Amino acid sequence: MFGSIEAGGTKFVCAVATDNLEIVKRDSFPTTKPEETMKAVLEFFSPYKETLKGIGIGSFGPIDIQYESPTYGYITSTPKLDWQQFDFVGTVKKAFPIPVSWTTDVNAAAYGESVFGNGKGRSSIVYYTIGTGIGGGALQYGRFIEGFSHPEMGHMLVNRHSADTYEGNCPFHKNCLEGMASGPAIEKRAGKKGQDLSEKDVQWELEAYYLAQCAYNTTLMLSPDVIIFGGGVMKQRQLLEKMKSAFKELLKDYVEVPELDQYLVLPKLGDNAGTYGCLALAKEQQLHS
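Residues numbered from 1 in each chain as written. Predicted model: local features only at pLDDT ≥ 70, side-chain atom pairs only at ≥ 80, totals over all residues. Heavy atoms only, no water.

Draft legend 1. Structural detail: unusual backbone geometry. Look at the link from G61 to P62: it is a cis peptide, with omega at 5°. Examined against the element boundaries, P62 turns out to sit in the loop between β4 (54-59) and β5 (74-75). For Q85, which is not glycine, the phi torsion reads 60° and is therefore positive. Residue placement: Q85 occurs in the loop between β5 and β6 (86-87). Look at Y141: it is not a glycine, yet its phi comes out positive at around 50°. Position of Y141 relative to the elements: it lies in the loop between β9 (134-140) and β10 (143-144). (Helix = DSSP H or I, 4+ residues; strand = E, 2+ residues; numbered from the N terminus.)

Listed below in C-alpha cells is the structure:
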C-alpha cells in the first residue's frame, strides 16, 4: 500500500491506497502546531505500518528539496511560525522507515494531473493553485522543473489593472500574483469573500486580468502543452472564460498556442489532484529505492 500526505496551510489531507493507487481510506486534519497535526497524521497511518511501501508528501513551503542539504525534508522560512525549520521527512521516516517522496503541494497536484488528469500524455505541463495562496509547479517529460529550489511562480510580478486601487496582499511584493489575485486579496479588495460575490461583480474582471498575465508569462517562458488552474478561487466557473479572453488580448497572437479550450483548463481531478500526485510519487520513489 502507499500513503499520501497533502500538507496545506489550512488542513492536511491523508490517504492510503492499494498498489493500483485506489484509495481505501482518507481523512483530513486542521493545520495547527506540528506536534498536534503530526500526531494525528502518524496515527492515521499506524494501522498500515506493516503494509505501507512508501509515502508521498506534498507540503506548503518554502521547503528544502536539495537532497545533499542538512535540512533536506524541512519546511523552512514559512510564514506559519510554528512550522519554521520543521523536519517533516525526518519525523515521518522515524515513525515509518520506508521510502518517502518529498515535494511541494502544488508540485504534487501537477504530478497528479500529469499521471491521471488533464496533463496525461503531455510532455510539458504547468499547474497553478489559486486559493489562500498561489503556487505553481511545472513538469517536463515527467520531471519537475527545479534548480537551487522549487519555483515560486505565485510571486511573479503583475501589472496593476488601471481600475484597481488595492495595494496588494503580499507582505514581500505587494503587486505579485499572490498579492493581487489570491483569495484573501479578493476578500480584502471587495470587503467580502469571493464566494459571496455575484458572478457579474467587477472583481472577476480584475481577477481574470491578473490570471491572464500569469498565463501570458508562463506561455512565453515555458511554452507548455497545457496550463492547469486549480484551487478554490477557480471554482468560480465564469472566471476561466474571462481569463481566456483577457489572455488572448494580452498575447495579441504573438505566438501560436494550442486551442484555448485545451490549453487553459481546470484540473480533471479537482481537489484530488494533490492526493493522487502524492500517491503516484510514493510509488515512483519506492520503485527506484
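Draft legend 2. How the structure looks around the sheet that holds strand β2 (residues 11-17). Taking strand neighbours across the sheet as the criterion, the five strands line up as β3-β2-β1-β4-β7 in an open arrangement whose pairing is mixed. Looking at which strands have only one partner, the edges of the open sheet turn out to be β3 (23-30) and β7 (100-104). Averaged over all pairs of adjacent strands, the angle between their axes in this sheet comes to 15°, without regard to strand direction. Pairing geometry for β2 and β3, over seven bridges, is antiparallel. In the sheet register, V13 faces β3, and the bridge partner there is S28. Helix α1 (residues 34-45) contacts β1 (2-7), β2 and β3 of the sheet and is inclined by roughly 10° relative to β2. Seen against the sheet, helix α9 (residues 273-287) touches β1, β2, β3, β4 and β7 and runs at an angle of roughly 135° to β1. (Pairing = 2+ DSSP bridges. Axes fitted to C-alpha atoms, helices over the stretch in contact; angles between N-to-C directions. Contact = heavy atoms within 4.5 Å.)

None of the figures reported here should be taken as evidence of function without further support.
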